[in-house]
Amino acid sequence: MKPTTARLGLLGLAMALSACTTFTPEKIDYKSATKAPTLEVPPDLSQLTRDSRYAVPGGVVSANAMQAGQAKAPTGAQTVVSNIGDVRIERAGTERWLVIQRPADQLWDPVREFWLENGFVLVQEDAKLGIMETDWAENRAKLPQDVIRAALGKVFDSLYSTGERDKFRTRLERKPDGGTEIYVTHRGMIEVYSTQAKDSTAWQPRPADTELETEFLRRMMVRLGVSQEQSQAAAASVQSAPPAPSARMDTVDNVPVVLLDEGFDRAWRRVGLALDRTGFTVEDRDRSRGIYFVRYVSPEEQKAKGFFSRIFSQGGEASAPVKYQVQVRTEGDRSTVTVLTAAGAPETSANAQRIVRVLTDDLK
C-alpha cells in the first residue's frame, strides 16, 4: 500500500470510529512498559542481592533510638496529621506518608495488590526489608485526547507515547508500637532530542513529582479501607506545606557531610526518602544506629556502559558496586548525615563527595 493511500485509509478509519467512540480521560492510567525491560542500573548506583549480615528492620530498638524518634520538629516543620480509623496521612514539610495501626506483614499483600491493580509490574519485592519497586511505566492518561487519538488509540495504541516513564518505590517501615509507616517515592524519565537535527532521542531523569506521590498514597488509603470521599478530604488537608528546612553540604574533620536543622525523627525520614527518590539501593537499615546500608557505582565506571542507552534494555553487566553506610546523627535539633565505609569508618573519597552532593540536592 502506498504511504498516501495508507494515511487516507487511517484517516477514514478514524472518522468512522469517532462517530461511535467516546473516550473519557483519567488523571492516572498506567501501563507497564513490558516491551522495555526494567532499568537494571540507576545513575551511579547498582542493585544487588541483599547482604543478610545486617540487622533486620523491625528488630530491637534501643532506648536512644526511641528518644531520638520522639524529638520534636523545629518551628515551621510541624507534622500535620489527618486520621481516619487506623489509617492516617501525615505531612512534615514537603514529605507525606501513611501511618497504619497494623503490622507490616498484614499490609504487604494489600499494598502489593494495589500496584498490580494500577497497571504496574513489580521488579523488586523484599518483604523482610519492606521494599517493593515497580517497573518503568507510562501514564497513558497524558496522551492527547483528540478525536483521531480517541479512535485510533484503541486499534494502534502502540503508535502513541507520552515520552515519559515513571517508577515508584514503596517502603514499609515498622514502628515500635506495632504500626507501620508507608512511604511512596517517584522517579521519572523523559525522552528528549539528543541532536539539533532532532533525528535521535535519549532518556534523561526528570524531577520527582511529589503530588503524584501524594495521589498514590491517597489511592492506597482507599485500598486499605478508607472511602474515596474520606481519602480526598485527608489528602487535601495536608496539601499546603511550609518549606522544609534547608540542607547544606559541609566538611567536618575533612569528611563531607550534609547538615540539617532538624531532629532525628524527621532527618531519618527525609534521608530515607532522598535515597529512594535518587535511586539508591538500600540493602538494609538500622534505625537504632541511624544507618542506611547502600550500594554505589561511580559515574566513571558507569560511563563506559552507556547508561542512558540502556535505560530500557538489558545491556552489558554493570561494574561492581561498593558498599557504603549513610549515617544520620543528631544533637538537639541539628542532624549530620555522613557517608561511611562498609566497615563503618568515615569515608573521604570522591564517591563520598558525590553521594553527599546527590543527597544535598534532593534534600534542599
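In the block above lies the structure referred to throughout.
What you see is a predicted model; the values in this text were computed from it and never measured.

1. Remarks on the overall build of the protein
Item 1. Check the secondary structure of the protein and you find nine helices and 16 strands.
Item 2. Of all 364 residues assigned to the protein, the portion counted as buried reaches 48%.
Item 3. In the protein, of all internal contacts separated by at least 6 residues, the share reaching a separation of at least 24 is 65%.
Item 4. Accessible area of the protein: about 17,300 Å², with a carbon and sulfur share of 52%.

2. Quick word on the packing of helix α7 (residues 264-277) against helix α9 (residues 350-363)
Item 1. The N-to-C vectors of α7 and α9 enclose an angle of 110°; their axes lie 9 Å apart at closest approach. In terms of axis orientation, α7 runs roughly perpendicular to α9. Of α9, the residues touching α7 (which contributes Arg270, Val271, Ala274, Leu275 and Arg277) are Leu359, Asp362 and Leu363.
Item 2. Its residues assigned to classes, the contact of α7 with α9 comprises five nonpolar, no polar and three charged.

3. Here we look at the nonpolar core
Item 1. One finds Trp115, Phe216 and Met220 to be the most contacted residues of the largest nonpolar core, which totals 29 residues.
Item 2. Mapped onto this core, the elements with two or more residues apiece are β3 (87-92), β4 (95-100), α3 (104-117), β8 (164-174), β9 (180-193) and α5 (210-223).
Item 3. Residues within four places of methionine 220 in sequence aside, it is in contact with Leu98, Val111, Phe114, Trp115, Ile182 and Val184.
Item 4. Core analysis: the next-biggest nonpolar cluster, separate from the first, contains 26 residues, Trp268, Phe280, Tyr324 and Val337 among them.

4. Let's talk about the pattern of salt bridges
Item 1. Throughout the structure, instances matching the rule amount to 29 salt bridges.
Item 2. Salt-bridge contacts for arginine 171 lead to glutamate 173; the nearest nitrogen and oxygen are separated by 2.7 Å.
Item 3. The network of salt bridges with shared partners includes Glu133, Lys167, Arg169, Arg171, Glu173, Asp265, Arg269, Asp276, Arg285 and Arg287.

5. Description of the packing of α5 against helix α6 (residues 228-237)
The description of two helices packed together rests on the angle between their axes and the distance between the axes.
Item 1. Packing of α5 against α6 brings their axes to within 9 Å, and their N-to-C directions diverge by 145°. Crossing hand, α5 versus α6: right-handed. Residues Arg218, Met221 and Val222 of α5 form the contact with α6, whose participating residues are Gln228, Ser231, Gln232, Ala234 and Ala235.
Item 2. When its residues are assigned to classes, the contact of α5 with α6 shows four nonpolar, three polar and one charged.

6. Considering α7
Think of an α-helix as 3.6 residues a turn; residues three or four steps apart then line up on the same face.
Item 1. With 14 residues, α7 should reach 20 Å at 1.5 Å per residue; the first-to-last C-alpha distance of 20 Å fits that figure.
Item 2. With 14 of 14 residues buried, α7 lies mostly within the body of the structure.
Item 3. In the stretch just after α7, glycine 279 is the one whose phi turns positive, near 85°.

Conventions and cut-offs
- Residues numbered from 1 in each chain as written.
- Predicted model: local features only at pLDDT ≥ 70, side-chain atom pairs only at ≥ 80, totals over all residues.
- Heavy atoms only, no water.
- Helix = DSSP H or I, 4+ residues; strand = E, 2+ residues; numbered from the N terminus.
- Buried < 20%, exposed > 50% of the residue type's maximum accessible area, 1.4 Å probe, protein only.
- Contact = heavy atoms within 4.5 Å.
- Areas by Shrake-Rupley, 256 points an atom, 1.4 Å probe, with all protein chains shown as cover.
- Axes fitted to C-alpha atoms, helices over the stretch in contact; angles between N-to-C directions.
- Parallel < 35°, antiparallel > 145°, perpendicular 65-115°, else oblique.
- Nonpolar A, V, L, I, M, F, W, Y, C, P; charged D, E, K, R; others polar.
- Core = buried A, V, L, I, M, F, W, Y, C linked by side-chain atoms within 4.5 Å.
- Salt bridge = Lys/Arg side-chain N within 4 Å of Asp/Glu carboxyl O.
- Left-handed = near helix turned anticlockwise from the far one by under 90°.
- Expected span 1.5 Å × (residues − 1).

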